[in-house]
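Structural overview for review
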Amino acid sequence: MYNLPHFPKLNIGDLELSLPIIQGGMGVGVSLSSLASAVAEEGGVGVISAAIINGVESVGSSTKSLKARLEFLRQEIRRSRRLTDGAIGVNILVALTDYEDYFRVSLEEGVECIFLGAGLPLKLPEMLADRGAFAHTKLIPIVSSARAARLIIKTWAKKYLRVPDAFVVEGPLAGGHLGFKPEQIDDPAFDLEHLLADVLRVAKEELVDSGARIPIIAAGGIYSGGDIDRFMELGAAGVQMATRFVTTYECDASLRFKLAYLEAGPEDIVIIKSPLGLPGRAVENEFLRSAERGERAPRNCPWKCMKSCDQRSARYCIAEALENARLGKLDEGFTFAGSNAYRADTIISVAELVRTLSSEYRLAVFRRMLVAYWERLKAGRRIIEPQGGLT
Ligand SMILES: Cc1cc2nc3c(=O)[nH]c(=O)nc-3n(C[C@H](O)[C@H](O)[C@H](O)COP(=O)(O)O)c2cc1C
């Protein structure tokens, strides 16, 4: 039997991962310690979302104070540590009002990776000046343009004498809030393939003097082992995937949330304008339709959990809507989802999902090698191609 290749390792500095897959952070409460520890146990990075937002009920009404929410994050990290020795990350939204507090707790808990999304992380907490103390934690911005990657590299080099440990490059097929203008989402010039090439080039240009080489991780619409092979062939050192992890037993959202994916068809995956002023991708439902019709009253928000939330024009509170969805109350909320969410047809364990991805990946590599071999053969010898070709 031909020996099919396994996933290559992903190295982020001195962190060596046997599975080149990062499970994308999913707020509110969709990726907590249960999902994160299961992915870490398989050899990837399991990511806890720090979007534990004011007013939500993740651990009852006690989450309403910042102190309680930070304690909740700390306990989730510790719980995942009890479940696995694998790599745990925290995803922090730069747009969170209390961004630096979540950052501090994640550093204190010594997580392997901190992913910085939903905004440009140009300001880092002062405690990072003590390099030795936190050298273990890799800082990984999530970007949707090469311009953002360049700005982060230049700013960190100047202000903090450091470079990011990696970048996640997130394209327009991702779930949740998107870092694109609405008209860019379907424009092929902004697709992940182009974006990845641009960020690879910029990282090379900007880091050539320092001699640093950092891994670039592709995200957004990556669903199968074949997709993983394709993006790694394009130069990604690994991938970040979120949507495919939602329909696992271990995902921290309610069964009703997962069923929204299983029941969706392609036409149900839509782009919405979130109260944060950004486009986002979600599964359409009556809650979103009624908000669109203007039937939901703007509310007076006492929390101000996201810097960019425009409370005067918001038709609903995004924190509450997402927390309701996590709990399965879809009459009062909605599920964020990537463009491939409708492809899910069953709920499986994370271990089973990784096995499926691995065999898909191995088959894709085998097929690619076979095609390359066939092409070489054709170029070298006169042979007759079978009908339909080798596709
Ligand atoms: C339900 C859901 C919630 C998400 N929440 C966040 C979040 O809180 N922070 C973030 O940086 N990205 C968030 N994302 C984006 C993912 O982390 C990931 O990068 C992206 O969805 C990858 O594309 P895929 O879902 O097609 O695999 C979310 C995605 C989904 C599906």
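Residues numbered from 1 in each chain as written. Predicted model: local features only at pLDDT ≥ 70, side-chain atom pairs only at ≥ 80, totals over all residues. Heavy atoms only, no water.

Here we look at the packing of helix α2 (residues 66-83) against helix α3 (residues 99-108)
- Close contact between α2 and α3 brings their axes to 10 Å; oriented N to C, the two are set at 30°. With respect to each other, α2 and α3 are oriented roughly parallel. Viewed along their axes, α2 and α3 form a crossing whose handedness is right-handed. Across the interface between the two elements, Leu66, Arg69, Leu70, Leu73, Arg74 and Ile77 from α2 touch Asp101, Tyr102, Arg104, Val105, Ser106 and Glu108 from α3.
- Across the contact of α2 with α3, the residue classes tally to six nonpolar, one polar and five charged. (Axes fitted to C-alpha atoms, helices over the stretch in contact; angles between N-to-C directions. Helix = DSSP H or I, 4+ residues; strand = E, 2+ residues; numbered from the N terminus. Parallel < 35°, antiparallel > 145°, perpendicular 65-115°, else oblique. Left-handed = near helix turned anticlockwise from the far one by under 90°. Contact = heavy atoms within 4.5 Å. Nonpolar A, V, L, I, M, F, W, Y, C, P; charged D, E, K, R; others polar.)

Thoughts on the pattern of salt bridges
- What the rule picks out here adds up to 28 salt bridges.
- Two residues, Arg201 and Asp198, come together in a salt bridge whose shortest N-O distance is 3.6 Å. Residue Arg201 and its partner Asp198 are both found in helix α6 (residues 192-207); the two are separated by three residues, about one turn of the helix.
- Judged by relative accessible area, Arg201 falls into the partly exposed class, the value being 41%.
- The salt bridge partner of Arg296 is Glu332, with a shortest N-O separation of 3.3 Å. With Arg296 in the loop between α10 (286-292) and α11 (318-327) and Glu332 in the loop between α11 and α12 (350-380), the pair connects residues that are 36 residues apart, well separated along the chain.
- A relative accessible area of 40% means that Glu332 is categorised as partly exposed.
- Among the charged side chains, a network of salt bridges with common partners joins Glu71, Arg74, Arg78, Asp101, Arg104, Glu108 and Glu109. (Salt bridge = Lys/Arg side-chain N within 4 Å of Asp/Glu carboxyl O. Buried < 20%, exposed > 50% of the residue type's maximum accessible area, 1.4 Å probe, protein only.)

What about unusual backbone geometry?
- Of the consecutive residues Gly27 and Val28, the connecting peptide bond is found in the cis state with omega at -5°.
- Among the structural elements, Val28 can be located in the loop between β3 (21-23) and α1 (33-41).
- The residue Ala118 is not glycine, and still its phi comes out positive at about 50°.
- Locating Ala118 in the fold gives a position in the loop between β7 (113-117) and α4 (131-134).
- Under the relative-accessibility criterion, Ala118 is labelled partly exposed at 38%.
- For Leu161, which is not glycine, the phi dihedral falls at a positive 50°.

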